[in-house]
Amino acid sequence: MSEPLDETSANHRIVCHLDAVLIGKGMTLTELSARTGITMANLSILKNNRAKAIRFTTLTLVCDALDTTPQQLFSIRE
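Scoring rules and cut-offs
Sequence order sets the numbering: in each chain, residues are counted from 1 along the sequence as written. Two thresholds apply to this predicted model, a pLDDT of at least 70 for residue-level local features and 80 or more for giving and counting side-chain atom pairs, whereas whole-chain, interface and lining totals are computed over all residues. Excluding hydrogens and water, the side-chain values take into account all heavy atoms of the structure. Helix and strand assignments follow DSSP, with helices taken as H or I runs no shorter than four residues and strands as E runs no shorter than two, numbered in order from the N terminus. For the exposure calls, accessible area comes from a 1.4 Å probe over protein chains only, and a residue counts as buried if that area is under 20% of its type's maximum, exposed if over 50%, partly exposed in between. Directions drawn from the helix axis to the C-beta atoms are what define this arc. The contact criterion used is simple: two residues touch if any of their non-hydrogen atoms lie within 4.5 Å.

Undergrad: Would you take a moment to explain unusual backbone geometry for this structure?
TA: Trans is the common state for peptide bonds, and a negative phi is the common state for residues other than glycine. For Asn-49, which is not glycine, the phi torsion reads 55° and is therefore positive. Counting through the fold element by element, Asn-49 comes out in the loop between α3 (40–47) and α4 (56–66). Judged by its relative accessible area of 36%, Asn-49 is partly exposed. Positive phi, close to 50°, is recorded for Asp-67, a residue that is not glycine. Note that Asp-67 resides in the loop between α4 and α5 (70–73).

Below, the structure is given as structure tokens:
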């Protein structure tokens, strides 16, 4: 049996690069929220790597608004 992870431990190795993509596109989180209809709170959770999951519909909205791909938004750490 594996050890349980506490709340402060990372439960996954996926890293979101939303902040860097926003900077690269010259867009603010507020503007992304307006373009996608996703709340600032939910985008902030994603941007700060606190998200536990993301719906494909949400991912599609973000990718379309930023003219980017999931591969550019996420990486997996060792």
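Undergrad: So what exactly am I meant to see when it comes to helix α1 (residues 18–25) here?
TA: The periodicity of an α-helix, 3.6 residues per turn, causes residues three or four places apart in sequence to face the same way. Considered for burial, the residues of α1 that qualify are Leu-18, Val-21 and Leu-22. End-on, the buried residues of α1 take up no more than an arc of 100°, which puts them together on one face. Among the exposed residues of α1, those oriented more than 90 degrees off its buried face are Ala-20, Ile-23 and Gly-24. Those residues of α1 that are buried lie in contact with β1 (14–16), α2 (29–36), α3, α4 and α5. Gly-26 sits one or two positions beyond α1 and adopts a positive phi of about 65°.

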